[in-house]
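Remarks on the overall topology
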Amino acid sequence: MSNSTQPQGSPIIIAIDGFSSSGKSTMARSLASRIGYRYIDSGAMYRAVTLYGLNHGYIKKNGTIDVIHLIKELPSINIDFKVMDDGKQHTMLNGIDVETEIRGMEVANHVSHVATIPEVRHRLVDLQQEFGRQKGIVMDGRDIGTTVFPDAELKVYVNAPAETRAQRRYDELRAKGDATTTYQQVLENVKSRDYQDMHRAESPLRKAPDAIELDNSNMTLAQQDAWLIRQVNNTTSLNK
Ligand code: DC
């Protein structure tokens, strides 16, 4: 990758976990590009399985999921990431670019439910571990430092207050032209997603004991990037 400086020492695994709208994907993507590592968005993988289920009729619009059939299909669901003509990394579901579709409301409405299915998690954790085999990756999600890579050399847990994250999400919606959703509605949605992430039986969101906590509420993107690079340099200098 151009303009990137690989950190010194052997390549490491960097796990970034945190709540929704905490800015962890932006932070993980930017870090990966600066240090020439591969970025993997594990949330996109849960979204891709959800899209597969919707497209094949295993997930109905009313929320019912045909778990038995979805699970049976898991071995034939392949997910990868590819840099496309726009220079951005897109999510590929069985070789098809689904980047736009997985960000839509239909997927968003069902994905947290799909992410509670243990067999789905096991399949995706296997794929995620495969991505990390060569190290040199930054992966973000909810269970990366706890379940996927418990031995990751650097773990960051992003923990900004719900009100801060709701305000960010609200500003994003406004910027996209949504003039109807209120701040209160966004805050309730953020809180309910936090609750689901923290209370599911399988791999709930929690801070790994050896993760470094980051509250980025009052940080600019540049300050956040600089903070992360310092953590990487501290870790890789110990890992030489
Ligand atoms: O980060 P995101 O909003 O794209 O995540 C989509 C969903 O997947 C969300 O419900 C949380 C879930 N998820 C998860 O359970 N484990 C992960 N490692 C990543 C995401």
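As a reminder, the structure under discussion sits directly above these lines.
What this report covers is the structure whose coordinates are included nearby. (Residues numbered from 1 in each chain as written. Predicted model: local features only at pLDDT ≥ 70, side-chain atom pairs only at ≥ 80, totals over all residues. Heavy atoms only, no water.)

**Details of the sheet that holds strand 7 (residues 154–158)**
- Judged by pairing direction, the sheet is parallel, and its five strands sit side by side in the order 2-6-1-7-8 without closing on themselves. Two strands in the sheet have a free side with no partner beyond their single neighbour: strand 2 (38–41) and strand 8 (212–214). Adjacent strand axes in the sheet meet at a mean angle of 20° when their direction is disregarded.
- Note: strand 1 (residues 13–18) against strand 7, five bridges, orientation parallel. Bridge pairing in strand 7 links Ile16 to Val156. (Pairing = 2+ DSSP bridges. Helix = DSSP H or I, 4+ residues; strand = E, 2+ residues; numbered from the N terminus. Axes fitted to C-alpha atoms, helices over the stretch in contact; angles between N-to-C directions.)

**Brief notes about the site of the ligand**
- Around the ligand, 15 residues are found, and the nearest of them are Arg47, Arg121, Arg142, Asp143 and Arg200.
- Ser42 is positioned with one of its side-chain polar atoms (N or O) 3.0 Å from a nitrogen atom of the ligand.
- The separation between an oxygen atom of the ligand and a polar side-chain atom of Arg142 is 3.0 Å.
- At the level of secondary structure, the elements contributing two or more residues to the shell around the ligand comprise helix 2 (42–55) and helix 4 (105–114).
- Broken down by element, the residue count for the shell around the ligand peaks at four residues, all from helix 2.
- Residue composition of the shell around the ligand, grouped by class: four nonpolar, four polar and seven charged. (Near = heavy atom within 4 Å. Polar contact = N/O pair within 3.5 Å; in protein donor to acceptor, adjacent residues only side chain to side chain. Nonpolar A, V, L, I, M, F, W, Y, C, P; charged D, E, K, R; others polar.)

**Digging into the sheet that holds strand 4 (residues 89–93)**
- On the basis of which strands lie adjacent, the open sheet formed by three strands has the order 3-4-5 and antiparallel pairing. Either end of the sheet is taken by a strand with one partner, and the two such strands are strand 3 (79–83) and strand 5 (96–97).
- Summarising the sheet, strand 3 and strand 4 pair through five bridges and their orientation is antiparallel. Of the residues in strand 4, the one forming a bridge with Asp80 is Met92.

**As for the packing of helix 2 against helix 5 (residues 118–131)**
- Where helix 2 contacts helix 5, the axes come no closer than 11 Å and their chain directions differ by 135°. The pairing of helix 2 with helix 5 is recorded here as oblique in orientation. You can see that helix 2 and helix 5 cross each other, and the crossing is right-handed. Across from Ser42, Met45, Tyr46 and Val49 in helix 2, the residues of helix 5 making contact are Val120, Arg121, Leu124, Leu127, Gln128 and Phe131. (Parallel < 35°, antiparallel > 145°, perpendicular 65-115°, else oblique. Left-handed = near helix turned anticlockwise from the far one by under 90°. Contact = heavy atoms within 4.5 Å.)

**Some remarks on the environment of Asp151**
- Secondary-structure assignment places Asp151 in the loop between helix 6 (144–148) and strand 7.
- Since its relative accessible area comes to 72%, Asp151 is described here as exposed.
- Note: C-alpha distance between Asp151 and Lys72 (79 residues apart in sequence) is 30 Å. (Buried < 20%, exposed > 50% of the residue type's maximum accessible area, 1.4 Å probe, protein only.)

**Side note on the packing of aromatic side chains**
- Evaluated as defined, the whole model comprises two aromatic pairs.
- On the basis of an interplanar angle of 55° and a centroid distance of 5.9 Å, the ring pair of Phe81 and Phe131 is categorised as tilted. Taken together, the residues Phe81 in strand 3 and Phe131 in helix 5 connect sequence positions 50 residues apart. Take Phe81 and Phe131: they sit in the same class, and that class is buried.
- With centroids separated by 6.2 Å and ring planes inclined at 90°, the aromatic side chains of Tyr170 and Tyr183 adopt a geometry described as edge-to-face. Here Tyr183 lies in helix 8 (residues 183–199) and Tyr170 lies in helix 7 (residues 162–175), a separation of 13 residues in the sequence.
- Judged by relative accessible area, Tyr183 falls into the partly exposed class, the value being 24%. (Phe/Tyr/Trp six-rings, centres within 6.5 Å; stacked < 30°, edge-to-face > 60°.)

**Remarks on the side chain of Ser203**
- Within the fold, Ser203 resides in the loop between helix 8 and strand 8.
- Reaching out from Ser203, the side chain makes a polar contact with the side chain of Thr147 at a distance of 3.2 Å.
- Once residues lying within four places of it in the same chain are set aside, the contact partners of Ser203 are Arg121, Asp143 and Thr147.

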